[in-house]
Amino acid sequence: MEQSGIKTIYFDNAATSFPKPPGAVEAVIDYMTRVGGNPGRSGHARSVDAGEAVFSAREAVAALFGVKNPMRVVLCSNATEALNLAIQGILRPGDHAVTTAMEHNSTIRPLMEMERRDGISVTVAPCPGGRVDCEELLRSFRPKTRLVVVNHASNAFGVVQPLGDIGMMCREKKAVLLADCAQSAGIIPIDIKRDAVDIAAFAGHKGLYGPTGTGGLVISDDFDFRLIRPLKFGGTGSNSDSTYQPDFLPDIFESGTLNAAGISGLNAGIRYILSLQDGVRTVQSHKRDLAGYFIRKAGECVEGFTTYVAAELMDTGVVSFNIEGKEPSEVAWRLAERHGIMCRSGLHCAPLAHRTIGTFPGGTVRFSFGIFNTPEEIDIAVGALQEIAVEGGE
Amino acid sequence: MIDYSVVLFRSPNQSIWAARLLKKAGIERRMMPAPRNLTSDCGYCVRIRSIDLERVREVLEKGGVEFLCIEKLA
Ligand SMILES: Cc1ncc(COP(=O)(O)O)c(C=O)c1O
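Asker: Please give an account of the overall build of chain A that cites residues and values.
Answerer: Helix and strand counts for chain A come out as eleven helices and 15 strands. Against the globule reference of 21 Å for 394 residues, chain A gives a C-alpha radius of gyration of 21 Å, in line with a compact fold. Principal axes of the C-alpha set define a box for chain A whose edges measure 70 × 55 × 35 Å. Within chain A, the proportion of its 394 residues that are buried is 57%. Carbon and sulfur atoms form 51% of the exposed surface of chain A, whose accessible area is close to 15,600 Å². For chain A, the separation between the mean place of its 38 positive charges and that of its 45 negative charges on side chains is 5 Å.

See below:
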């Protein structure tokens, strides 16, 4: 990829993926130039076509998560909005929630806000080495535990939690399980029915290769969605004779005009992944290969190269590392400025995860690989890190 | 003259779902604005040929799409 003359390498796919696959950009353009209507609002062809594009995206998301009814896909503007809808929608004053020590701020902040504001209580189950301690998790349950919130895959360290085990536990304890799949959707095969997940949140712009401004909630086929209170109220294109919010999916949670342009791109992004031979599995094995190759090669060639979690736990193409004696921000800056390599340094909106792993407050440098990255790019990056490792300060 | 009926839904989302299922089943259908006299909703309805009525009912029920009613178009 060329940017102002120098060749660039993009290793920041966990923040948002780039480039987008064939068809995703074209789908946005097609919506903007040919379709153009407000989905579900009018009877003319532009509105109908927009509605079809949005519906097609719901079907794609439903297929990806193993949900039968496409109406159980609620479209939001990002994973954060979806997580807030679920967390704020389910918890009531006096409730107890359980979560993990690997959470992103998009789950722990709404929980802490509700603790401060609404008098809920929160227990954070420890995650030694990155994986949640299931016995501790089980001990965290109380009679008033209504919700369990689990980061499926860590944006900071790429560690994946055992959703199925947690799902079984929640069923037994009659608690709702909300999985934050922002870093796993499109990267790890997910089947929410098998894993007994009640609600899953996804980001459309990361592993699903849609544009920014897309994301949503997937509500399992047999979960009583009326347990979730809407976060917003307004026009839905349905029940227009009533001044009250509709009580059916997805309208109950989808007030206001949807991001039809973005959702059209998201639809194409997901369909691209589903069209790969072996679909999501292909993505996962490619990312695993890249991460494994990078860790091996950097470990051999870069002085002071350190990673923080067991290699076999890094399952999503995310690798957090440091170079001994170097500030993460300085490493990232030099990679970008001198070598055109784009990545993210710091705490990655996940101070809890960094505390758990022992990299708080300094943080790490994070490489997050995407489906279009190559071993050759990793070779270049390792070369750059070798140089940075032996350079003095400026 | 072809004899048409319309299927009415609670929401545009349901009607789009229905239209797609009917298309897949090879049933002639058309989305159109819901006639004022039949619903106070602002969205669509799906127009079908009255002779397909039973098949339509079957496809929608099998697909899990909820519809309000099917009405003959005057
Ligand atoms: C684990 C995790 N959860 C939630 C989010 C929030 O996603 P979004 O930026 O789409 O709201 C992110 C993105 O950074 C994430 O990595």
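We are not done yet, so read on.
Asker: Describe the pattern of salt bridges, listing the residues and the values that go with them.
Answerer: Under the defined criterion, the tally for this structure stands at 24 salt bridges over all chains. As a salt-bridge pair, K193(A) and D222(A) come within 3.9 Å of each other at their nearest N and O atoms. Taken together, the residues K193(A) in the loop between β8 (176-180) and β9 (199-203) and D222(A) in the loop between β10 (215-219) and α7 (260-275) connect sequence positions 29 residues apart. Take K193(A): its relative accessible area is 56%, and that puts it in the exposed class. Overall, D222(A) belongs to the exposed group, its relative accessible area being 57%. Between R57(B) and E54(B) there is a salt bridge, and its shortest N-O distance comes to 3.8 Å. Taken together, the residues R57(B) and E54(B), both in helix α2 (residues 53-63) and three residues apart, mark about one turn of the helix. You can call E54(B) exposed: its relative accessible area is 53%. Ionic contacts of the salt-bridge type, sharing partners, join the residues E330(A), R334(A), R338(A) and E391(A) into one network.

What counts, and where the lines are drawn
- Residues numbered from 1 in each chain as written.
- Chains lettered and ligands numbered in written order.
- Predicted model: local features only at pLDDT ≥ 70, side-chain atom pairs only at ≥ 80, totals over all residues.
- Heavy atoms only, no water.
- Helix = DSSP H or I, 4+ residues; strand = E, 2+ residues; numbered from the N terminus.
- Rg over C-alpha atoms; globule rule 2.2 N^0.38 Å.
- Buried < 20%, exposed > 50% of the residue type's maximum accessible area, 1.4 Å probe, protein only.
- Areas by Shrake-Rupley, 256 points an atom, 1.4 Å probe, with all protein chains shown as cover.
- Lys, Arg positive; Asp, Glu negative; His and termini not counted.
- Charge placed at Lys NZ, Arg CZ, Asp CG, Glu CD.
- Salt bridge = Lys/Arg side-chain N within 4 Å of Asp/Glu carboxyl O.

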